[in-house]
Amino acid sequence: MRSLSVPIHSLCIVLVFLETTFVNAQSQRFCSFFGNKSPSPQPGLQNCTWYRGSSCCVNEEITSLFAKVQVPANSNGVCRNYINYLMCYVCDPKQNFFYQQERLTVCATFCNDVLNACKDAVLKGTRLGDRYGTNGTAYCVDSRFEVFSGSSTEQCFTLEESKRTLVASASSAKPNSLAVLFFTLAVLGFTSRHTKSSLGVAVGVALLLATMSGSSHALVSDQNIKDMATQLENALVGIGRDGIGRQKVQELYDNASSTTEDLNITGILGVIEDRLMSITDDLNTAAGQLKTALINARRVASANPTASPRLSDLPSAVFTDADSREAIERLDLTYNSTFRNYVSFRQSSVKIPDDVDRSALPVYESISWSAAIDSTLQTLQTARNVRWAYFGAESGIYRSFPAAAWVSNFAGFRVDYDARLRPWYLSATSGPKAVGILLDCSASMAENSRWSIAKAAITQIINSLSRDDQVNIVCSRGWLINPGGVRRNYSPSVVGCQKTGFIRATPSNRAQLLEKLNEQSTYGSGESHYEALTKLIGLFPGGTGAAGGCEKVLILVTDGTNTDPDAFSQVCYDKNRGSYGCNELVSDFSSLYTYVTQIHNGKGIKVIGIETGDKGSQLPGKLGCDNDGVFIQLTSSTNIRSQLTPYYSYLARLANTDNEVIKPTAPYVDASGLGRIITVSRAVYDPNNAQSLLGVIGVDAVLDDLENALLDDQFGLSYAFLIDTEGRAIVHPRLRPSAELVDDPVYPPIAELEVHNNLPIQFADVLTNMKAQKTGSSGRIIGPRPQQRGGLSDGVVWFNNIEFTYHYSAIAGTQYSFAFVVTTEDIRQAMLAARTYSPGQARNYYHEISKYNTNTRNSIGYMTSVRGYNNLAISTRQSTFKLAAQAFCDPTRYLLSDVPNFTTVDSFFNNNATQRECDNGGTFVPQVRATVWTTQAIQGIWDSRPQSVKDRLVWSYYGSANGMWRSFPGSRSTRDYDPTRRPWYRRALANPAYLYASSAVYLDAGGIGKVVTLAQTVFQAKSQAFNYPNNTLCSSPPYAGDCKCLGDGHCKSKYCYNSRCSNTQVAGVAAVDIRFEQFAALTETTLLNTMGIGTTDLCSQSNTRCLLINDAAEVVYDESFKTVADGDPRNYQNVPLGYLFGKVMLELLDMNVFTRFGFLNQQGLCSIAPYAPRSSDRDHILTAEQQDNYYENKGPIPNFQNNYGCPLDQVQYQRNPTYDLTGTSVQQSFRGPCRDGQFRMSSVNNTNLLLLIIETSQDKTDRLFNFNCHIYNNVARSGGFEAKETSCGIGFTDTEITGTCPRKVVYTPSCMYNSAPLLVQPSVMVALCTTLLSFFLTKH
């Protein structure tokens, strides 16, 4: 018998679990602001420290949120404390009581407290005390908070009396000891990987860690594991055979009347072209009309000069302030699904930037005369594709139609917006830019906040660039000799990862460059500015036109001073015996000045001088002003945008784009939730002064129509994609769809998506022709074709030796071309023949079952409280069908407005009404009704299953290739649900060799808990021989569809029946979901029974783990998954084997059982804050109907968005198909930093699963400071890793910027600077420095 010893850190874990369990048990708290994660101790919290013991937020979230809030002007210290305390509601562990569905409820008493503290603060030009008096409720309502006036504080956020002194003194609370202990252990890596829900489980885990190592026994034998795998196969195949009923579903298609039809390639290309042309036509027409209306409005205004420059005198029809709740509510806004917002089509609304003086005459005038365009704006909304239309004036005002309230941030302040700094504004006035920034990084920049001012200015400049601009930064610091006489060698360095040139200012590249900027620090001297400048000039792009930058801009950011503390340059050390404040600029400014003048005159580089201090303006001032540039003096890091206005105004005047044809912007994500949009913008000049820029108009269009048209036309391995003239992929099945984008995406080169192992070589010619916007086809190609393996992060499976053709065409007047790649096998499709509906035929029920009358609901077994279904409304006797957007002739209209309605759909699929084609006013695409009617018989298949099988299943469903979704029990799905884009569907297509493709464990979207999916492909009917044009497809295996076969292995589809191969063309995927508890019980019972009655349960031994892994090396079954909370998906969903057993994974790679592949996912997702488990309470999970109506019902205070777009180095594993484990097993010993032991593995045939049994002879995971174990497992695991270095190179390896430049204008700005010779050392100062230095050295 082994002795029991418990290490001290295991006891610590027990104590931590005690506190965590106590905290989480309080009132079922969860963090509604952060996606319903659970509160946790955060002893390291730097702000809102009173929540350290139990907090909803972490430091990364506070930093991200608070940094974006600009407190009102003139706020005193107490006011700032109150606002800070208000913002700390995001950390309150009780926030689910007062923050729900983006609505924040604040106690009325606290509203009064905040107003009283901030009565002298100025917001939108008005003192808060003057505006609200003592009415704090009015202040909170205007901040768009809900206000609770009752005595209870449980339903609202308030200032606790115990914290009142804390807020007044700005002190912070001390973390309790247990929380500190938790934090310390978390840092050391000793917290339990699987958070338990009770102390008893926690103690068990701690004791298990303490007693893990012990006696071992012989590893399971070869025969035993093969028997176990066989029994698992029988159990799973039995569920698949009887539960899915794939053979019977296949027979429904084979027995249905069908015909064959060749794809109309020309017709498909025409539809795509028409849809894209309609978007660009609508945009260009709308932009032209809006520009004309604006010019006419200005001409009329010029004849009627302004009478009174007060905004309060303007009627609401002229000026409705988008920031004013009161003004906006007077318009009686109504919800519009097209805009996903509450809007008014009566008029436009106006946004004025915070930094703009509202009393300025230009502001009043531009608001006054631009209101005349409202009638034109109303007309534009009749165009199908037009969304927001707007005008950004040079004065800073932004007029937008339809009128809507401006968005607020989490603190209730309106988000600031200055149109003049937006890429759509700048690109319309100056074209593509190449911006080189020379940043003074010498030690003197650390003084008086100069460094923070410089970084804030550069951040603002970089964030205003568009993806058609190029940029890089050089950090200038020189060598010095310190007071001790030691020389330190410093030299200028390129800040960006790209060291030999500029990078494109894509969103990810901008973020990467700013990250590198923030890593810089100040040291060294100003000795090297000349060297730094020559380095930066060498980085500027060559070439002409847009590729070289239509405008080349050099920005010098410096303090302009020559005092580098504790630093001596060699020049000054020699000449002045070590006097302070001397550098090469003093003696060699003329050389620097001459060089800057030469590059300005010779290369046309514009020079911008920015000073971050108030003493030395000659260096940046003289260099900027004497070279037709501008000089800007920045005095603080606040209101940086306003201080940089001369820079943006200067850029806007360098070109005249009045008659230029500006192509639409690259697609980007609309901030208001419309998905991907493109913008056409036009600069507008004063009709009375052709050189005077009035501003820029813009018109937005959504890309839903285009994306749906492209992505819906998929047949087997055939699909369409869209690129621009630079060869970037804009729409492609392997890119993230609009609904999943969180910010502006990176558009990768199309070759990265279409070429595999340098094949097909013919694609190079296709790409050349498409970039040249030619129309044609490639001819037949034999090469690889991709199929998505599951989710976008799972990569693709490449099928080799596929015959296919590229058909491509350009969209006239745009920068876009599209292609439709069609495999030969997909040309001819089996089409279900139209059927006649008879009165006695079984009825089809639409998924919105709550809308049926009482009698119908009773007949289908409508229930809302079925055990295990989380109060979902389900039909227990009948399946229901749902149609994805692709099944409708107008998918965009369906997604936005749910048209047609329930009655129309239900009636059409239960009668013989004539179906019209889409181009003749039809509603549904062909084949949809035939699919619904054919699959109705699946209900009988599901009803006839053995009860023992039914008891294990939670959902049974079938998704067809044309977007029909049938499920049992029937239940409502979200409007945008499309089965063909779900991971389980794609996984089945990518695994045709497996009869039963099992997913990893995942959380059911309906909230019923953890499930495992078994799925199988169903193929199109093959009752007629297709007689492919190329008979070689049947000459040697693997054979194409309808070729004669002797077994599954002879067919490309891996399915041979009736002596012929099934088509590779998939009709759909049939699947069932098993509750993980049931799946685990089935697995454990099967394994135990295989060992024999009375024998020891091998898998229950403390040193043995029995795992099921799938073909992607993801763990599908591990005993520990049973105790992981539903809200902790990282510890059961898609868990890589390497994450649990890194050494075992590496051994399997060495044995070639699995192969490793990696790819750069340029549209990956990264997180601001670290992973945190979610609450397991299923009551707050939104229903499908709530999700569909989310935008209509959500409040104005947005929740935290943790994800952002970033490039990921995606690492995945794939089972090697040539390593056959059928009927055999493999054994291997292993030694690693986590464990020593041995394992044996065998295949669960006819599935994509492997049975893996691992015996540990020595467990090292509970050793103190075993960092090597964590590192080792991370090396071996699959998943996405942020490509920090790679992302910087994405822009530079990206395609070249194309296009012409707008007409340049000779413009000499007004430029002034302090001409005092601050860079010249007066002899008096030299003497003084020498004297002080001598005194210092003598005394020290």
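What you see is a predicted model, and the numbers here were worked out from it, not measured in a lab.

Once that is clear, we can look at the overall build of the protein. A tally of regular secondary structure across the protein gives 43 helices and 52 strands. By sequence separation, contacts in the protein at least 24 residues apart represent 74% of the contacts at least 6 residues apart. When the accessible surface of the protein is totalled, it reaches about 52,900 Å², and 50% of it is carbon and sulfur.

Applying the stated criterion across every chain, the model contains 60 aromatic pairs. Ring centres 6.4 Å apart and planes at 75° place the aromatic pair Phe721 and Tyr806 in the edge-to-face group. With Phe721 in strand E25 (residues 719–724) and Tyr806 in strand E29 (residues 796–810), this residue pair connects regions lying 85 residues apart in the sequence. Under the relative-accessibility criterion, Tyr806 is labelled buried at 0%. Summarising the aromatic geometry, the rings of Trp984 and Tyr985 are spaced 5.9 Å apart at their centres and angled 70° between planes, so their arrangement reads as edge-to-face. Summarising the burial analysis for this pair, Trp984 and Tyr985 share the class buried. Taking NZ or CZ as reference, Arg857 lies 5.2 Å from the ring centre of Tyr862, over its face.

In this structure, Leu883, Leu1137, Leu1148, Phe1154 and Leu1251 are the most contacted members of the largest nonpolar core, which totals 97 residues. Sort the elements by how many residues they give to this core and helix H10 (residues 222–244) lands first, with nine residues. One finds Val350, Leu711, Ile811 and Tyr816 within the second-largest nonpolar core, a separate group that totals 58 residues.

Spatial strand order, E45-E44-E50-E49-E48: five strands in an open sheet with antiparallel pairing. In this open sheet, the two edge strands, each paired with only one partner strand, are strand E45 (1115–1117) and strand E48 (1225–1231). Taken pair by pair, the neighbouring strands of this sheet meet at an average axis angle of 30°, ignoring direction. Sheet topology note: the strand E44 (residues 1104–1110)/strand E50 (residues 1249–1259) ladder contains seven bridges and is antiparallel. Bridge pairing links Ile1109 to Leu1250 in E50. Where H10 meets the sheet, its contacts fall on E44, E48, strand E49 (1235–1244) and E50, and the angle it forms with E49 comes to roughly 50°.

So, about the sheet that holds strand E24 (residues 689–702). Ordered in space as E9-E11-E10-E24-E23-E22, the six strands form an open sheet in which the pairing is antiparallel. Edge positions in the sheet fall to strand E9 (349–351) and strand E22 (668–669), since each of these pairs with one other strand and no more. Note that strand E10 (residues 386–393) and strand E11 (residues 398–401) share four bridges and pair antiparallel. Note that in E11 the partner of Ala389 across the bridge is Phe401. Most of the contacts of helix H14 (residues 361–370) go to E10, to which it runs at about 145°, and overall it touches E9, E10, E11 and E24.

For the rest of this paragraph, the subject is the pattern of salt bridges. Applying the stated criterion across every chain, the model contains 51 salt bridges. Between Arg241 and Asp242 there is a salt bridge; the shortest N-O distance is 3.4 Å. Put simply, Lys851 and Glu848 hold a salt bridge, and the shortest N to O gap is 2.9 Å. With relative accessibility at 3%, the residue Glu848 sits in the buried group. Connected via shared salt-bridge partners are Lys124, Asp321, Asp323, Lys351, Asp354 and Arg358.

With that out of the way, let us pick up the side chain of Thr980. If you trace the backbone, Thr980 turns up in the loop between strand E37 (970–971) and helix H35 (983–990). Here the side chain of Thr980 touches Gln886 through a polar contact of 3.1 Å, side chain to side chain. Only 2.8 Å separates the side chain of Thr980 from the side chain of Asp978, close enough to count as a polar contact. With sequence-adjacent residues up to four places away left out, Thr980 is seen in contact with Gln886, Ser960, Ala961, Gly963, Tyr985 and Arg986.

Alternating positions in strand E34 (residues 880–883) separate into two faces, Thr880 and Lys882 on one and Phe881 and Leu883 on the other, with burial throughout. Of the pairings in the sheet, the one linking E34 to strand E36 (residues 964–968) comprises four bridges and is antiparallel in character. In the sheet register, Leu883 faces E36, and the bridge partner there is Met964.

A few words on the confidence of the model for the protein. Here the protein shows a mean pLDDT of 82. Residues at 70 or above account for 83%. Segment residues 1–27: pLDDT under 50, and 47 contacts once partners within four positions in sequence are set aside and those in other chains are kept. Within the model, pLDDT remains below 50 along residues 565–587, and this stretch shows 64 contacts once partners closer than five positions in the same chain are excluded.

A few words on the packing of helix H17 (residues 450–463) against helix H18 (residues 507–518). Running from amino to carboxyl end, H17 crosses H18 at an angle of 170°, the nearest separation of the two axes being 10 Å. Here H18 runs roughly antiparallel to H17, going by the angle between their axes. Together, Lys455, Ile458, Thr459, Ile462 and Asn463 of H17 and Arg510, Leu513, Leu514, Leu517 and Asn518 of H18 make up the contact between the two elements. Grouping the constituent residues of the contact of H17 with H18 by class yields five nonpolar, three polar and two charged.

The buried fraction of helix H3 (residues 77–87) is high, at eight of eleven residues. Where H3 is concerned, the buried positions are Cys79, Asn81, Tyr82, Ile83, Asn84, Tyr85, Leu86 and Met87. Of the residues that open H3, the one with a side-chain oxygen 3.2 Å from the backbone nitrogen of Val78 is Asn76.

The next thing to look at is the packing of helix H12 (residues 265–303) against helix H25 (residues 704–712). Where H12 meets H25, the closest approach of the two axes is 9 Å, and the angle between their N-to-C directions is 170°. In terms of orientation, H12 and H25 fall into the roughly antiparallel class. Counting all contacts with H12, which are made through Ile272, Arg275, Leu276 and Ile279, the residues of H25 involved are Asp705, Leu706, Ala709 and Leu710. Class assignment for the residues of the contact of H12 with H25 results in six nonpolar, no polar and two charged.

Here we take up the environment of Val553. Along the chain, Val553 turns up in strand E18 (residues 551–558). Along the chain, Val553 and Ile605 lie 52 residues apart, while their C-alpha atoms are 5.4 Å from each other. Discounting residues that sit within four places of it in the chain, Val553 has contacts with Ala434, Val435, Gly436, Phe540, Ile605, Lys606, Ile608, Tyr647 and Leu651.

Turning next to H17. An ideal rise of 1.5 Å per residue puts 20 Å on 14 residues; H17 measures up with 20 Å between its terminal C-alpha atoms. When you tally the buried positions in H17, you get ten out of 14 residues, the bulk of the element. Every buried residue of H17 is accounted for by Arg450, Trp451, Ile453, Ala454, Lys455, Ala457, Ile458, Gln460, Ile461 and Ile462.

Moving on to the environment of Ala393. Topologically, Ala393 is positioned in strand E10. As for Ala393 and Ser370, which are separated by 23 residues in sequence, their C-alpha atoms are 9.0 Å apart. Not counting residues up to four positions away in its chain, the partners in contact with Ala393 are Ser366, Arg420, Tyr425, Leu694 and Gly695.

Attention shifts here to the pairing of strand E23 (residues 676–686). For a regular strand, the rule is simple: side chains alternate between the two faces of the sheet. Counted residue by residue, E23 has eleven buried out of eleven residues, so it is predominantly covered. Where E22 lies against E23, two bridges are found, and the strand directions are antiparallel. The residue of E23 that forms the bridge with Val669 is Arg676. Between E22 and E23, which pair antiparallel in sequence order, lie six residues; one of them, Gly673, sits at a positive phi of approximately 100°. By the bridge criterion, ten bridges tie E23 to E24 in an arrangement that is antiparallel. Bridging across to E24, Ser681 finds its partner in Gly698. Linkage of E23 to E24, two consecutive antiparallel strands, is achieved through a turn of two residues.

Here Leu759 and Pro760 are connected by a cis peptide whose omega angle stands at 0°. Structurally, Pro760 can be placed in the loop between helix H26 (751–754) and helix H27 (763–771). Positive phi values are uncommon outside glycine, yet Asn36 reaches one of about 70°. Residue placement: Asn36 occurs in the loop between helix H1 (8–24) and helix H2 (59–66). In this structure, Asn871 takes a positive phi of about 65° despite not being glycine. Tracing the backbone shows Asn871 in the loop between strand E32 (862–863) and strand E33 (874–875). Classification of Asn871 as exposed rests on a relative accessible area of 55%.

Conventions we followed
Residues numbered from 1 in each chain as written. Predicted model: local features only at pLDDT ≥ 70, side-chain atom pairs only at ≥ 80, totals over all residues. Heavy atoms only, no water. Helix = DSSP H or I, 4+ residues; strand = E, 2+ residues; numbered from the N terminus. Contact = heavy atoms within 4.5 Å. Areas by Shrake-Rupley, 256 points an atom, 1.4 Å probe, with all protein chains shown as cover. Phe/Tyr/Trp six-rings, centres within 6.5 Å; stacked < 30°, edge-to-face > 60°. Buried < 20%, exposed > 50% of the residue type's maximum accessible area, 1.4 Å probe, protein only. Lys NZ or Arg CZ within 6 Å of the ring centre and 35° of its normal. Core = buried A, V, L, I, M, F, W, Y, C linked by side-chain atoms within 4.5 Å. Pairing = 2+ DSSP bridges. Axes fitted to C-alpha atoms, helices over the stretch in contact; angles between N-to-C directions. Salt bridge = Lys/Arg side-chain N within 4 Å of Asp/Glu carboxyl O. Polar contact = N/O pair within 3.5 Å; in protein donor to acceptor, adjacent residues only side chain to side chain. pLDDT = per-residue confidence, 0-100. Parallel < 35°, antiparallel > 145°, perpendicular 65-115°, else oblique. Nonpolar A, V, L, I, M, F, W, Y, C, P; charged D, E, K, R; others polar. Expected span 1.5 Å × (residues − 1).

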